[in-house]
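Understanding the architecture of this molecule
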Amino acid sequence: MKLLVCISKAPDTTAKIAFTDGNTKFDENGVQFIVNPYDEWYALVRALELTEANGGTVTTITVGTNSDDPTIRKALAIGATDAVRIDAVPKDAYYVANQIASYAKIHGYDIVMTGKETINYNGAQVGAMIAEILDQPFVSLATKLDLQENTATLERDVSGGVEIVEVSTPFVLSAAKGMSEQRIPNMRGIMAARTKPLQVIEPVASEELTSVVSYSMPDSKAACKYVDAENAEELIHLLHTEAKVI
Amino acid sequence: MSTDRFEAHDYYLMDELLTEEHKLIREAARAWVKKEVSPIIEDCFEKCDFPKHLLPGLGEIGAFGPYIPEEYGGAGLDQISYGLLMQELERCDSGLRSTASVQSSLVMYPIWKYGSEEQKKKFLPKLASGEWLGCFGLTEPDHGSNPGGMVTHFKDAGDHYVLNGAKMWISNSPISQVAVVWAKDESGRIHGLLVEQGMEGFTAPEMHGKHSLRASITGELIFDNVMVPKENLLPGRSGLGAPLSCLDSARYGIAWGAIGAAMDCYDSALRYAQERIQFDKPIASFQLIQKKLAEMVTEITKAQLLTHRLGTLRDEGRATSAQISMAKRNNVEMAINIAREARQIHGAMGITSEYSIMRHMANLESVITYEGTHDIHLLITGMDVTGIPAFS
Ligand SMILES: Cc1cc2nc3c(=O)[nH]c(=O)nc-3n(C[C@H](O)[C@H](O)[C@H](O)COP(=O)(O)OP(=O)(O)OC[C@H]3O[C@@H](n4cnc5c(N)ncnc54)[C@H](O)[C@@H]3O)c2cc1C
């Protein structure tokens, strides 16, 4: 079994968020990066569980610069077999999907796995686009994945219940919370990661279909106002005139 | 149980001095501690319960002998990595760090440095994985700061040695598979002997009633005509310098560990001061609280710089015992002072098990005494700068 897991970096949740270049770019200065949790905790760990049980390899793939290497090493330390980095600045979802799909097309994988989204851009588009370019089925927001030979059974949370989906390999999925649990790299894994292959390859020519006009910060949170439990009238007044929600 | 909300503060961008691998090791240890230890540590402390089930996990994150070569089950890492691991463990609890310090620096280190090839092969891999636990017997009931005066001794009985005496205050001892015991031969010279659990005449009763390091197990070592095979003597070094060199390694780890405890207290105090409202304002807006917080982060930053430099010197094989004494003494005092100040910032909440502060404070009372007391380390610096020993 050959699995390909898409890994991207995301700012640590405690990072201070700022923008540069006229508010068109996220300012990476001084920011600590982590592996995007949906890629790591759910997609990568489930891929490892499957290959540990059934044999096979887990390759990670990242579109990024050498500033992504620490997060790729972490994925290797957690247990991935090898890693590929397509040496390019990720521009938009289509650009990234096109790079990954081009690589996947040549090398052929049973499942291409992404996290459901990155916690910074929340686009949730890359997986679907990879599937489209590869002309393969796509299962989004999967919370469970089991595999019997070439048939995968997946679960998805839907409004008020669970949807169970069956699909044959090869296919593409995006992983959501529940698919597996966080795995902390152990010292053996960290040491093994030193010598695992991280192949850096050139990007294929690809257009970008969208560009960012600007980013802005949300309004800072106003202080809490406490209203006496007896005073419903004041609460309604505030919700109407200040919060403007009713 | 309260959730572990710890966030590290890095005022002088010390992370830029670390490699990516250092950071990965630290983050993995921090994540493991938050997941496995933080939820249970207050309970262990309260019940005086040693969380033995954590030993394999400590082995997995590399907390046991990380600088021991890979061929003996270690990770072959540098001294900064060892320091970072100790920092992360003590960030949670000094007892947890003590278990790992003793195993790494006081048990694995002497076996690695002074042991025979057979001893290394027999003991090191099992100690590195946490399958076995070890302890270090130097202190005796009547010889603490003056270990050279020890009375534990052994005689050559032909094909084995016969060991007699007693050790006290020995971390890990009641549940250790192996004890590195320092004892005098017939000529009065100090040697290290590997005394194994189950040897006839050897017992290790637990000591009770500690108000400090309650999540770490402490006991005695009692030797009543114990027959120790000759191959269990550490052949590589004898004299007081042998155990003292192990203490250098452990004290270096303590210097880092103390920073962990201080960081936890500071982080908790900073958050509490911003959230706690008195006189209609967060208490962090009052100058006296700010003074405490500002001094804490200043002292932590100084200790981080001192310790990082010491790690580099150790990696280059240039750190002196006196330099290590200075760092151990400075950093433990720094941590205990920060724990006390942080306790005050937390008001009454600071004395409860909702927060880690009081536990750190109680733990650090041991840390400031063991591995050379605060005053003894001062005398070591004094001797180093004047050339005159003032111990006796
Ligand atoms: C929880 C815990 C775990 C421990 N674990 C271990 C272990 O694993 N292995 C081990 O071998 N030991 C261990 N110890 C023992 C520890 O190292 C000793 O307690 C320490 O060395 C001090 O010895 P002492 O308690 O006998 O104090 P003492 O030596 O009696 O000192 C009492 C006081 O007198 C002062 N003093 C002594 N001599 C002088 C002097 N010349 N000049 C000025 N002041 C002096 C000291 O600074 C101290 O303030 C542990 C101790 C504790 C509390």
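See above for the structure.
Residues numbered from 1 in each chain as written. Chains lettered and ligands numbered in written order. Predicted model: local features only at pLDDT ≥ 70, side-chain atom pairs only at ≥ 80, totals over all residues. Heavy atoms only, no water.

All names here are of chain A. Running from N to C, helix 1 (residues 37-54) and helix 2 (residues 69-78) point in directions that differ by 40 degrees, and their axes come no closer than 10 Å. With respect to each other, helix 1 and helix 2 are oriented oblique. When you trace helix 1 past helix 2, the crossing you get is right-handed. Along the contact surface, helix 1 presents Glu-40, Leu-44 and Leu-48, while helix 2 presents Lys-74, Ala-75 and Ile-78. When the residues that make up the contact of helix 1 with helix 2 are grouped by side-chain class, the tally is 4 nonpolar, no polar and 2 charged. (Axes fitted to C-alpha atoms, helices over the stretch in contact; angles between N-to-C directions. Helix = DSSP H or I, 4+ residues; strand = E, 2+ residues; numbered from the N terminus. Parallel < 35°, antiparallel > 145°, perpendicular 65-115°, else oblique. Left-handed = near helix turned anticlockwise from the far one by under 90°. Contact = heavy atoms within 4.5 Å. Nonpolar A, V, L, I, M, F, W, Y, C, P; charged D, E, K, R; others polar.)

A few words now on the site of the ligand. Residues and elements named next belong to chain B. Near the ligand, the surroundings consist of 18 residues, among which Thr-139, Ser-145, Trp-169, Thr-373 and Phe-391 are the closest. Within the side chain of Ser-145, one N or O atom sits 2.6 Å away from an oxygen atom of the ligand. Phe-391 places a polar main-chain atom, nitrogen or oxygen, 2.7 Å from a nitrogen atom of the ligand. The set of elements that each furnish at least two residues to the shell around the ligand consists of strand 3 (160-171) and helix 10 (374-386). Partitioning the shell around the ligand into residue classes produces 9 nonpolar, 7 polar and 2 charged. (Near = heavy atom within 4 Å. Polar contact = N/O pair within 3.5 Å; in protein donor to acceptor, adjacent residues only side chain to side chain.)

Turning next to the interface of chain B and chain A. With 20 residues of chain B in contact, the opposing surface of chain A contributes 15 residues. Carbon and sulfur atoms make up 64% of the surface buried where chain B meets chain A, a total of about 1,400 Å² over both sides. Glu-70 of chain B is the salt-bridge partner of Arg-194 of chain A, the closest N and O atoms lying 3.9 Å from each other. Where chain B packs against chain A, one counts 4 residue pairs in polar contact (both at pLDDT 80 or more). Looking at which element gives the most residues to the side of chain B that touches chain A, the answer is helix 1 (residues 20-47) of chain B, with 9 residues. Class assignment of the residues belonging to the side of chain B that touches chain A gives a composition of 9 nonpolar, 3 polar and 8 charged. (Buried area = accessible area lost by both parts, 1.4 Å probe. Salt bridge = Lys/Arg side-chain N within 4 Å of Asp/Glu carboxyl O.)

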